[in-house]
Every structure is written in structure tokens, then in C-alpha cells.
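Structure assessment
Okay, here's what each chain looks like letter by letter:
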Amino acid sequence: VWSVESGECVTTFEGHSLDVSSVSFSPDGQWIASGSEDKTVKVWSVESGECVTTLEGHSDRVFSVSFSPDGQWIASGSWDKTVKVWSVESGECVTTLEGHSSRVTSVSFSLDGQWIASGSWDKTVKVWSVESGECVTTFKGHSDTVWSVSFSPDGQWIASGSVDKTVKVWSVES
């Protein structure tokens, strides 16, 4: 963890056995989730620097992690082609979202916490209902891997960045 003011590293978390691909702060700033090539998600206490839980269940590297806006859930996207949603309180996987035909590279919650967007090597962006676990929309239009997805603050739009050298903006309503 880096201090913005001083530019110095103030805390280092160690515990993954392979590369760390993604990190996400909880909305209250108390926790950091990390996803790794070791197929796990770890949740760290910012205050103590200790790993408080390890989430296991993916069969390939975890490439993206994201806390829900209310801090109750963590979404993880993996090269096993799935998105998992984990309960922060229990550490249990509450649902596995399946539908991508290739590696999942990015996950993002909408600000209201109702939706998860995921990007993939399959060149698509999918939107999932957190409540039902169903894919409600698939956006096609990139000609190569989608590396990054992000909801707009009002939840009306999703931006996606791709190896095809484009950023696309999708209307969630359409």
C-alpha cells in the first residue's frame, strides 16, 4: 500500500504463491482483496496487514477482483472462464457465473450493486444480475480480447477497453 502524499510504500502484503493480477479496496477502506495466478482471492486487513481469509474455488488464475459498493461481496474473474461472487462475511462462494467461452479478464460492480460487468478473451462484455446470477446482456463489437470493464457512476453505461486498441461505451438500457 502506497502513501499518496509521500509516495512511499507503507505496507506490503505477502502470502500469494504466484503473481498478483488484481487488487481492490473495500468501500470502507478496511480491507483489500487480491487475485492471483495461484487461483485464489485473499482478503487482507489494511490495519494489521494480515490475510484474514483465502477464497478458493477457481481452477485457473484469478485475473480481476472487485468489491461490491456495499462491501458485502467480492467478484472474481478467472481464466477458468467464470465469475464468482463471494460473501465477505462467510468467505463462501455464493454463485458462479458461467457463460464466457474464454478467459475472464475484468469484473466490475455497478454503483448500486445490482449488476456485474465482465470482460473476456472471447471479445465480449457480459452483464450479470447479482440477485439471479443470470446473464442479462452480452455486448459484442470488439475484435479482440476485452481487458477492462467499468460502469459509469449512474449505472447507465459500461466502458470496455480491448486489445483491438479501442474503448467502447455501451448503453446498459439497450
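Reference entry: report on the structure contained in this document.

Criteria and thresholds
Numbering of residues starts from 1 in every chain and runs along the sequence as written. Totals for whole chains, interfaces and linings use all residues, but because this is a predicted model, local features are given only for residues with pLDDT of at least 70 and pairs of side-chain atoms are given and counted only at 80 or more. Side-chain figures throughout are based on the complete set of non-hydrogen atoms in the structure, without hydrogens or water. Secondary structure follows DSSP: runs of H or I at least 4 residues long count as helices, runs of E at least 2 residues long count as strands, and numbering of each begins at the N terminus. The contact rule is simple, with two residues in contact once any of their heavy atoms fall within 4.5 Å. We call a residue buried when its accessible area falls under 20% of the maximum for its residue type, exposed when it is over 50%, and partly exposed in between, using a 1.4 Å probe and counting protein chains only.

1. As for the environment of F139
You can see F139 is positioned in strand β12 (residues 135-140). Residues F139 and V172, spaced 33 residues apart in sequence, show a C-alpha to C-alpha distance of 9.5 Å. Those residues in contact with F139 that sit more than four places away from it in its chain are K123, T124, V125, V127, I158, W170, S171 and V172.

2. Describing unusual backbone geometry
Despite not being glycine, K123 has its phi angle at roughly 75°, a positive value. By relative accessible area, which is 37% here, K123 ends up partly exposed. Residue K165 is not a glycine yet carries a positive backbone phi of 75°. You can see K165 is positioned in the loop between β14 (157-162) and β15 (167-171).

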